[in-house]
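Architecture at a glance
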Amino acid sequence: MPLPPPVEREPLHTRRYHFEGFQRSDGLWDIEGRIVDTKHYAFDNQHRGSIQPGEPLHEMAVRLTLDDDFVVRDIAADTTASPFAICPGVTPNYRNLIGARVGPGWRKALRQAVGGAGGCTHITEMLGAMGTVAYQTYVSKSDPSNRDGKPRRSNLVNSCHAFSADGPLVKEFWPDQYTGE
């Protein structure tokens, strides 16, 4: 069901996220993300001068390299545009995530490694969403069964309404985790 029609309004700010997942020739996985914030009006910035409509206020990118166990093997972060000249200086801190695992506890690992003054709000926020992109990338190319041919247990159970443990999808895909009648 689409959103109801809005009242008359003026556009002021646009934030765009773009994520892509790749399988690499060396067996690893790359998940790339980009965020771009623009305004629909010109404004003065104390550190950059005049910022024109459509010119990025924020533009950051991340490449997260994972193995089959979702362990971070490499990471590169870049700040192309920011409101302050000091912002790009924090990007090397994201290397602190090497060895962390994307999965349950990923957002906590982000807070510990690059939270607060140790990171960039926008890059860290993007990395949170990239966990889901990593899963979607991996599951589309991976074998859904263990070596014995039985379905794998799923961390998706109870992760959202569709995957409720007592719902029809869990009954269909992961009957061993189904809790309904």
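Our structure is the block above this text.
Structure report, in brief. (Residues numbered from 1 in each chain as written. Predicted model: local features only at pLDDT ≥ 70, side-chain atom pairs only at ≥ 80, totals over all residues. Heavy atoms only, no water.)

1. Some details on the nonpolar core
In terms of nonpolar packing, the biggest core is built from 26 residues, with Leu-64, Leu-66, Ile-75, Tyr-94, Leu-97, Trp-106 and Leu-127 touching the most fellow members. The set of elements that each furnish at least two residues to this core consists of strand S2 (29-39), strand S5 (56-66), strand S6 (72-81), helix H1 (106-114) and helix H2 (121-139). Here this core takes 7 residues from H2, the largest share from any one element. For Tyr-94, the residues in contact, after removing those within four places along its chain, are Ile-75, Ala-77, Val-114, Gly-119, Cys-120, Ile-123, Thr-124 and Leu-127. Formed by 6 residues, the second largest nonpolar core is a distinct cluster that contains Leu-156, Phe-163, Val-170 and Trp-174. (Core = buried A, V, L, I, M, F, W, Y, C linked by side-chain atoms within 4.5 Å. Buried < 20%, exposed > 50% of the residue type's maximum accessible area, 1.4 Å probe, protein only. Helix = DSSP H or I, 4+ residues; strand = E, 2+ residues; numbered from the N terminus. Contact = heavy atoms within 4.5 Å.)

2. A few points about H2
Because an α-helix packs 3.6 residues into every turn, residues spaced three or four apart end up facing the same way. Across its 19 residues, H2 extends 28 Å between first and last C-alpha, which sits within 8% of the 27 Å expected from 1.5 Å per residue. Along its length, H2 reaches its greatest deviation from straightness, about 30°, at Ala-129. Along H2, the positions that sit buried rather than exposed are His-122, Ile-123, Thr-124, Met-126, Leu-127, Gly-128, Met-130, Gly-131, Val-133, Ala-134, Thr-137 and Tyr-138. Elements that come into contact with the buried residues of H2 comprise strand S1 (13-23), S2, S5, S6 and H1. (Expected span 1.5 Å × (residues − 1). Bend = angle between axes of the 7 residues up to and from the residue.)

3. Some thoughts on unusual backbone geometry
Positive phi, normally seen in glycine, also occurs at Phe-70, with a value near 65°. Among the structural elements, Phe-70 can be located in the loop between S5 and S6. Of note, the phi angle at Asn-158 is positive, near 70°, even though the residue is not glycine. By the element assignment, Asn-158 lies in the loop between H2 and helix H3 (168-173).

4. Quick look at the packing of aromatic side chains
As enumerated under the stated definition, the model contains 6 aromatic pairs in all. On the basis of an interplanar angle of 15° and a centroid distance of 5.8 Å, the ring pair of Tyr-17 and Phe-19 is categorised as stacked. For Phe-19, a relative accessible area of 26% translates into the label partly exposed. When the ring of Phe-70 is compared with that of Tyr-138, the centres are 5.1 Å apart and the planes differ by 70°; the resulting orientation is edge-to-face. Linking Phe-70 in the loop between S5 and S6 with Tyr-138 in helix H2, this pair joins segments that are 68 residues apart in sequence. Given the relative accessible area of 12%, Phe-70 is considered buried. Each residue in the set Trp-29, Phe-70 and Tyr-138 is aromatic and connected to the rest through ring pairs, giving one cluster. (Phe/Tyr/Trp six-rings, centres within 6.5 Å; stacked < 30°, edge-to-face > 60°.)

5. A short note on the pattern of salt bridges
Per the counting criterion, the structure on display carries 9 salt bridges. The salt bridge partner of Arg-15 is Glu-125, with a shortest N-O separation of 3.2 Å. Linking Arg-15 in strand S1 with Glu-125 in helix H2, this pair joins segments that are 110 residues apart in sequence. According to the relative accessible area criterion, Arg-15 is partly exposed, its value standing at 33%. On the basis of relative accessible area, Glu-125 is assigned to the partly exposed category, the value being 37%. The closest approach of N and O atoms between Glu-32 and Arg-63, which form a salt bridge, is 2.6 Å. One end of the pair, Glu-32, is in strand S2; the other, Arg-63, is in strand S5, and 31 residues separate them in sequence. For Arg-63, a relative accessible area of 39% gives the class partly exposed. Salt bridges sharing partners connect three or more residues here, namely Arg-15, Asp-37 and Glu-125. (Salt bridge = Lys/Arg side-chain N within 4 Å of Asp/Glu carboxyl O.)

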